[in-house]
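Residues per chain are reported as follows:
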Amino acid sequence: MHKINSRQASLLLFLMLVSLRLMYLPAYLSSLALSDTYVVVMFGVVVEFLVFIWFMWLINKYKDVTFYELMCKKCGKFVAKLLIIIIMLLFFAKKIIGLFEVYSFFNDVLFDKLEWYNFILPMALLALFMQTKNLRTYGRTMEVLFPFIMLGFILVLIIPIRHFDPINLLPVGTSGFYGILSSFWHCLFVFVDLSVMFIFIGNIKFDSQTNKKLVWSFVLSSLVIIVYFVTFQAVFGVGATGQGLALSDLPLHATFASGVGRLDWMVILLWTFDLIFFVFFMGYSVMFCLQNIYRMKTTIWYSLLQSSITIAVMVLSRFNFAGVIEFITSIKFVNVLASVLLAIFILVTIVALVDKNNKVRDKYKGDVVTTRVIKYSGGRNDKGIKKTMEK
């Protein structure tokens, strides 16, 4: 595995936390919580912060052991592979959601009518290439794209500032605590983006600034999301429910669909780079899980399999984004997802708490070992040589 440095990890974390929350979520959440939309988001950020602390504790405890290796050692291969399959399905579901958002955005804003094959076939071919890359490639790519993405965020928030009306943020708490909790529950599929940190476990090159950079990445992404939702609610008020293309409508600070009017370059800059990269990284995450389930020398077959399944899902669903979102946000699906993730958190926490020997990992067997160094002197060419043996 090609490890990433702390800067790359923090940038990837930022992207994962903001990608699926900018376009369709604001209007959908507004239909559930009305003027308490931003309050629900704040509540979600608090919950995510608790999960983030858990991941940071786990990443610092196992700096050289991946999540799969940890589970294999403590729970056996069957349980480890089962957990990896569950996490893989979560990554695949988020990839499908991302693809539907990209297609809907292109079809509603960029084109009058975008045929499905003109969209999915080029995306599938590009995915075949991107899914076979390593984690470091994604980290380096994100280092290039991040300044442009942040520029887009800043401009999207600055342009409509003169239409910011604080009255639209009131009254607060009209939904009540139960309403806020229920709205969060229905949007839980968005607030599980920290699952990407399962991949970070054991795959980050730690230095003195690693923890600080990851914390700042989480804080910055949380602030961006909160400010974005506050601005969205303050600009559109009671009309927020009808702004299905929030990221496109907000820079235009209008109450009509941006497909009717002009197209801002900022939307292209931000949305195209951001979400397509997110989709490819979710594809890579699926590949990462598949390699843990059954390792192959070449990943092209896994990439081909994943792309084929993706095309099949998209075609069979007839690109009905609303139907897919309705299923994903259904209470039964959310209940299952929440229960499974909670079970994984509890299991991994117990394993980590009882594990006392996690300092060194044998890279071939995945076992924790200790070493000792024995100095020896031999011939004239052996001076200064050290031999390392397993204790």
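Because the structure is predicted, anything quoted here is derived from the model rather than measured.

So, about the nonpolar core. If you look at the biggest cluster of nonpolar residues, it comprises 118 residues, and the most contacted ones within it are F67, F119 and M197. When near neighbours in sequence (up to four residues on either side) are disregarded, M197 contacts L13, F52, F55, M56 and I59.

A few words now on helix 8 (residues 176–186). For helix 8, every residue scored as buried is listed here: G179, I180, S183 and F184. Along the axis of helix 8, the buried positions cluster into a sector of 135°, meaning they face one direction only. Among the exposed residues of helix 8, those oriented more than 90 degrees off its buried face are F177 and Y178. For helix 8, the secondary structure elements touched by its buried residues are helix 2 (25–33) and helix 3 (37–61).

With that settled, the discussion passes to the packing of helix 2 against helix 3. Viewed as axis vectors pointing N to C, helix 2 and helix 3 meet at an angle of 105°, and their least axial separation amounts to 8 Å. When the axes of helix 2 and helix 3 are compared, the pair comes out roughly perpendicular. Across from P26, L29, S30 and A33 in helix 2, the residues of helix 3 making contact are T37, V40 and V41. Considering only residue class, the contact of helix 2 with helix 3 consists of five nonpolar, two polar and no charged.

For the rest of this paragraph, the subject is the side chain of S307. Topologically, S307 is positioned in helix 13 (residues 300–316). The buried category is assigned to S307, whose relative accessible area is 6%.

Of all residues in the protein, 79% attain a pLDDT of 70 or more, and the chain-wide mean is 78. Confidence drops under a pLDDT of 50 for residues 254–263, and excluding neighbours within four residues, the segment shows 19 contacts in the predicted structure.

With that settled, the discussion passes to the pattern of salt bridges. Pairs can form between side chains of opposite charge once their charged atoms are near each other. If you walk through the whole model with that rule in mind, you get five salt bridges. A salt bridge links K3 to D64; the nearest nitrogen and oxygen atoms lie 3.1 Å apart. Taken together, the residues span a long stretch of sequence, with K3 in the segment before strand 1 (4–5) and D64 in the loop between helix 3 and helix 4 (67–75) at a distance of 61 residues. Accessibility expressed as a relative area gives 21% for K3, which makes it partly exposed. D193 serves as the salt-bridge partner of R21, at 3.2 Å between the closest nitrogen and oxygen. Of this pair, R21 sits in the loop between helix 1 (6–18) and helix 2 while D193 sits in the loop between helix 8 and helix 9 (197–200), and the two are 172 residues apart along the sequence. Taking relative accessible area as the criterion, R21 reaches 2% and is therefore assigned buried. Among the ionic contacts, a cluster of salt bridges with common partners joins R21, E48, K94 and D193.

On to the packing of aromatic side chains, then. All chains considered together, the criterion is met by 19 aromatic pairs. Judged by centre distance (5.2 Å) and plane angle (85°), the ring pair of F43 and F184 falls under edge-to-face. Of the two residues, F43 sits in helix 3 while F184 sits in helix 8, which places them 141 residues apart along the sequence. When its relative accessible area of 7% is taken as the criterion, F184 is described as buried. Aromatic ring contacts, followed pair by pair, group Y138, F277, F281, Y284 and F288 into a single cluster.

In this chain, L170 is followed by P171 through a cis amide linkage whose omega measures -5°. With respect to the helices, strands and loops of the structure, P171 is situated in the loop between helix 7 (135–158) and helix 8. Here L34, not a glycine, exhibits a phi torsion of approximately 55°, which is positive. Along the polypeptide, L34 turns up in the loop between helix 2 and helix 3. Residue L34 is classed as exposed on the basis of its relative accessible area of 53%.

Our focus in this paragraph is the packing of helix 5 (residues 77–110) against helix 6 (residues 116–130). At a closest axis distance of 11 Å, the pairing of helix 5 and helix 6 adopts a crossing angle of 135°. When the interaxial angle is binned, helix 5 and helix 6 end up oblique. Considering the relative orientation of helix 5 and helix 6, their crossing is right-handed. On helix 6, the residues that touch L99, V102, Y103 and F106 of helix 5 are W116, F119 and M123. The residue inventory of the contact of helix 5 with helix 6, partitioned by class, reads seven nonpolar, no polar and no charged.

Cut-offs used in this document
Residues numbered from 1 in each chain as written. Predicted model: local features only at pLDDT ≥ 70, side-chain atom pairs only at ≥ 80, totals over all residues. Heavy atoms only, no water. Core = buried A, V, L, I, M, F, W, Y, C linked by side-chain atoms within 4.5 Å. Buried < 20%, exposed > 50% of the residue type's maximum accessible area, 1.4 Å probe, protein only. Contact = heavy atoms within 4.5 Å. Helix = DSSP H or I, 4+ residues; strand = E, 2+ residues; numbered from the N terminus. Arc of directions from axis to C-beta. Axes fitted to C-alpha atoms, helices over the stretch in contact; angles between N-to-C directions. Parallel < 35°, antiparallel > 145°, perpendicular 65-115°, else oblique. Nonpolar A, V, L, I, M, F, W, Y, C, P; charged D, E, K, R; others polar. pLDDT = per-residue confidence, 0-100. Salt bridge = Lys/Arg side-chain N within 4 Å of Asp/Glu carboxyl O. Phe/Tyr/Trp six-rings, centres within 6.5 Å; stacked < 30°, edge-to-face > 60°. Left-handed = near helix turned anticlockwise from the far one by under 90°.

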